Amino acid sequence: MKQNGNIHSEDESFSRGNPNRVAYLIAGYIQQSLSETEHDELDDWVGESDDNNRLFGELTDEKNIDAVLSKMKKLNPSEAYQGLRQRIGLPPEKTKVSKLWTYAVAASVVLAVSLAVYYFSSQPSKNSGSPAIATIEQDIDPGGNKATLLLSDGAVVDLETAEAGPVKNETGIAIHKSADGELSYTNLANTETLVKYNTLTTPNGGTYKIVLSDGTAVWLNAASSLKYPVAFTEKQRVVELTGEGYFEVASSVSLKSNEKRPFIVKAGNAAVEVLGTHFNINAYKNEGSIKTTLLEGSIRMQGGNENQAKVLKPGQQGIVAHDGTLTITDNTSTDEVIAWKDGLFKFKDTDIRMIMRQIERWYNVPVEYEGEVKGHFKATISRNVPVSKLLHYLQLTGHVQFKVSDHKIIVNSTSEGK
């Protein structure tokens, strides 16, 4: 089953000046007549930028169609054409072009999509019995930079409301919050001090970035926590993760022994050891396993059996089951794994229940199912949209229905999705 999209085509991308092609793809999306290749092309385009994502949402939202048709009657061709060029990042057109041509270019997206909706709504459709818009009694905003910091003395700092600047000093370690919501640790004396631990915790609907005292950067996803020493004093740098985190580990040398210190992440019954590399760990308890995906360098991953450890290469994923068994998979879609860090939901043949677990965490909203709900979806959607927009994209497939009521999402399967 294919779902909404994004496109990236060197010759035909809208962001490169050919709105007619995108109009054709979006109209075909509404009609559900696109080929697999065309779906992929549309998928690449929507995920190419937030503007593309928003535009796709506007043009596929049936609530906007009447307004679009009304605007078409009042459209100034030259102004619309220049505005369109500005919106997609092209310089103003200095040469004079025909009125008919500018009108066609400026209006092609809205006109093609509007006409497609009008035409195909009057034709028999396999999805004609399925509503295109989720039932939303009260919309829910997306998450944002939210976290609490537990200090070594037991004090708790709410980082969402804390002002930018110094947070506190921990025995020679300065803790600082930046204006854009990033926590950093600086070893003021450049010495190894008494071990003290802090814990950074994100709630449902929260995410946060931290730079540890050794220079390692960690992004925490929603409903996650990281426990770490304020300064690394041992031969090993050890942190503990729950939930999901993306790590860019810095190389580090012990001030005492002048030896490189491995960085170890403990997550449930799994452990990952590195010297300097980029990787993602998903260790949510309700995901069924602990998954570590390597993007750069190499890591050594260990499962529940201390004698079972394997080295991962870039593009591989290590999976530790609840019984501790470790398996390695190749050719992992790394862009899908770390999409959350880049502010996106990216689904590639993803099960609807896995999708809804991500929605639960990011929008801080419980999900209930009525009846048997199945389906796999392909989609690239910004994490910055309200939940109504996200559910709208998913529901357009005709295989699933949503209702948001009393701050709760109810999921139903359509007759086609059963």
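Residues numbered from 1 in each chain as written. Predicted model: local features only at pLDDT ≥ 70, side-chain atom pairs only at ≥ 80, totals over all residues. Heavy atoms only, no water.

1. Topic: the overall build of the protein chain
- Scanning the protein chain for helices and strands turns up nine helices and 25 strands.
- Among the 418 residues that make up the protein chain, the fraction classed as buried is 48%.
- Long-range contacts, defined as pairs at least 24 residues apart, comprise 59% of the intrachain contacts of the protein chain with a sequence gap of at least 6.
- Of the roughly 19,900 Å² that the protein chain leaves accessible, carbon and sulfur atoms contribute 48%. (Helix = DSSP H or I, 4+ residues; strand = E, 2+ residues; numbered from the N terminus. Buried < 20%, exposed > 50% of the residue type's maximum accessible area, 1.4 Å probe, protein only. Contact = heavy atoms within 4.5 Å. Areas by Shrake-Rupley, 256 points an atom, 1.4 Å probe, with all protein chains shown as cover.)

2. What about the environment of I264?
- Along the chain, I264 falls in strand β13 (residues 263–267).
- Residue classification places I264 among the buried positions, given a relative accessible area of 11%.
- Sequence-distant contacts of I264, defined by excluding residues within four places in its chain, comprise Q236, R237, V238, V239, V272 and E273.

3. Some details on the pattern of salt bridges
- Scanning the model with the defined rule gives 10 salt bridges in all.
- Where E287 meets R361, a salt bridge forms, and the shortest distance between an N and an O atom there is 3.0 Å. Of this pair, E287 sits in the loop between β15 (278–283) and β16 (289–296) while R361 sits in helix α8 (residues 352–363), and the two are 74 residues apart along the sequence. Across this residue pair, the class does not change: E287 and R361 are buried.
- Close ionic contact of D335 with K348 constitutes a salt bridge, the shortest N to O distance being 3.2 Å. With a gap of 13 residues between them, D335 in helix α7 (residues 334–337) and K348 in strand β21 (residues 344–351) connect regions that are remote in the sequence.
- Taking the relative accessible area as the measure of exposure, D335 reaches 34% and is therefore partly exposed. (Salt bridge = Lys/Arg side-chain N within 4 Å of Asp/Glu carboxyl O.)

4. Some words on unusual backbone geometry
- A positive phi angle, close to 55 degrees, is found at A223, a residue other than glycine.
- Relative to the helices and strands, A223 resides in the loop between β10 (217–220) and β11 (224–229).
- Its relative accessible area of 29% is what places A223 among the partly exposed residues.
- Positive phi outside glycine occurs at H407, with the angle close to 50 degrees.
- Tracing the backbone shows H407 in the loop between β24 (400–404) and β25 (409–413).
- On the basis of relative accessible area, H407 is assigned to the partly exposed category, the value being 44%.

5. What about the pairing of strand β5 (residues 165–169)?
- Judged from the four bridges that link them, β5 and strand β6 (residues 173–177) form a sheet pairing that is antiparallel. Bridging from a neighbouring strand, N169 pairs with A174 of β6.
- Taking the residues that link successive antiparallel strands as the turn, the β5-β6 hairpin has three residues, and the phi of T171 there is positive, at about 50 degrees. (Pairing = 2+ DSSP bridges.)

6. Brief notes about the sheet that holds strand β1 (residues 135–136)
- Taken together, four strands build an open sheet; the order of strands is β1-β24-β25-β22 and the sheet is mixed. Whereas interior strands pair on both sides, the edge strands pair on one side only; in this sheet they are β1 and β22 (367–370).
- When β22 meets β25, the two strands line up parallel, connected through four bridges. Each residue of the ladder has a partner; that of V367, found in β25, is I409.
- Across the face of the sheet, helix α9 (residues 387–395) comes into contact with β1, β24 and β25 while running at roughly 160 degrees to β24. (Axes fitted to C-alpha atoms, helices over the stretch in contact; angles between N-to-C directions.)

7. Quick notes on the side chain of R261
- As for its placement among the helices and strands, R261 is situated in the loop between β12 (237–248) and β13.
- Overall, R261 belongs to the buried group, its relative accessible area being 6%.

8. Description of the confidence of the model for the protein chain
- The pLDDT averaged across the protein chain works out to 78; a share of 70% of its residues lies at or above 70.
- Contacts of residues 1–17 to residues separated by more than four positions or lying in other chains number 86 contacts, the stretch itself having pLDDT below 50.
- Across residues 99–132, where pLDDT falls below 50, the model places 60 contacts with residues more than four positions away in sequence or in other chains. (pLDDT = per-residue confidence, 0-100.)

9. Description of the nonpolar core
- L183, Y228, F247, F279 and I281 are the most contacted members of the largest nonpolar core, which has 40 residues in total.
- Beyond its immediate stretch of four places on either side in the chain, Y228 contacts L149, L183, Y185, K196, Y197, N198, T199, L200, I210, L212 and V239. (Core = buried A, V, L, I, M, F, W, Y, C linked by side-chain atoms within 4.5 Å.)

10. Description of the packing of aromatic side chains
- Going through the model one piece at a time under the given rule, you end up with seven aromatic pairs.
- When the centroid spacing of 5.1 Å and the interplanar angle of 5 degrees are considered together, the rings of F247 and F279 count as stacked. Placement of F247 in strand β12 and of F279 in strand β15 is noted, with a sequence separation of 32 residues between them. F279 matches F247 in its accessibility class, with the two residues each being buried.
- Clustering of aromatic rings is evident, with ring pairs tying together F232, F247, F263 and F279.
- It is R353 that lies over the ring of Y369; its NZ or CZ is 3.9 Å from the centre. (Phe/Tyr/Trp six-rings, centres within 6.5 Å; stacked < 30°, edge-to-face > 60°. Lys NZ or Arg CZ within 6 Å of the ring centre and 35° of its normal.)

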